[in-house]
Amino acid sequence: MTLFFEDLFSAQSVDALCKFVGIKTIATNTTDEVFSGRKMAFPKEHLGATYKALAGQYEEIAKRYGDALPARWRERMKLAKP
């Protein structure tokens, strides 16, 4: 089973994970942030270069997971295109 971080914190994902590992579904609070770090913006002028450097990884992950790839990943992949 593969879960992406962007999809992990939902009741549906927690239910699927519990089923996968063979345990009773547990009640979860998926809305409160716990131990969250400091929020920082990534400099926009570096986004294109960063995703171009990671293009190979994004392409391989996209081949493997197809439509399961989170929308945020697909948007980032567009930044890597010339």
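Look up: the structure comes first, before these words.
Residues numbered from 1 in each chain as written. Predicted model: local features only at pLDDT ≥ 70, side-chain atom pairs only at ≥ 80, totals over all residues. Heavy atoms only, no water.

Novice: Looking at this structure, how should I read unusual backbone geometry?
Specialist: Most peptide bonds adopt trans geometry, and most residues besides glycine take a negative phi value. The backbone phi angle of F35 is positive, close to 55°, even though this residue is not glycine. Structurally, the position occupied by F35 is in the loop between helix 2 (11-21) and helix 3 (47-53). In this structure F35 comes out as exposed when scored by relative accessible area, which is 84%. (Helix = DSSP H or I, 4+ residues; strand = E, 2+ residues; numbered from the N terminus. Buried < 20%, exposed > 50% of the residue type's maximum accessible area, 1.4 Å probe, protein only.)

Novice: Is there a simple way to think about the packing of aromatic side chains in this case?
Specialist: Working definition: an aromatic ring pair is given by the centre-to-centre distance plus the angle between the planes. On inspection of all chains with the given rule, the structure shows five aromatic pairs. Aromatic side chains F4 and Y65 sit 5.3 Å apart centroid to centroid with 85° between the ring planes, which places their arrangement in the edge-to-face category. Here F4, found in the segment before helix 1 (5-8), pairs with Y65, found in helix 4 (residues 55-65); they are 61 residues apart in sequence, far enough to count as distant. Residue Y65 is classed as partly exposed on the basis of its relative accessible area, which comes to 21%. For the ring pair F4 and W73, a centre distance of 5.2 Å and an interplane angle of 70° mean the geometry is edge-to-face. With F4 in the segment before helix 1 and W73 in helix 5 (residues 71-79), this residue pair connects regions lying 69 residues apart in the sequence. Residue F4 is classed as buried on the basis of its relative accessible area of 9%. (Phe/Tyr/Trp six-rings, centres within 6.5 Å; stacked < 30°, edge-to-face > 60°.)

These results come straight from atomic positions and should not be treated as a statement about function.
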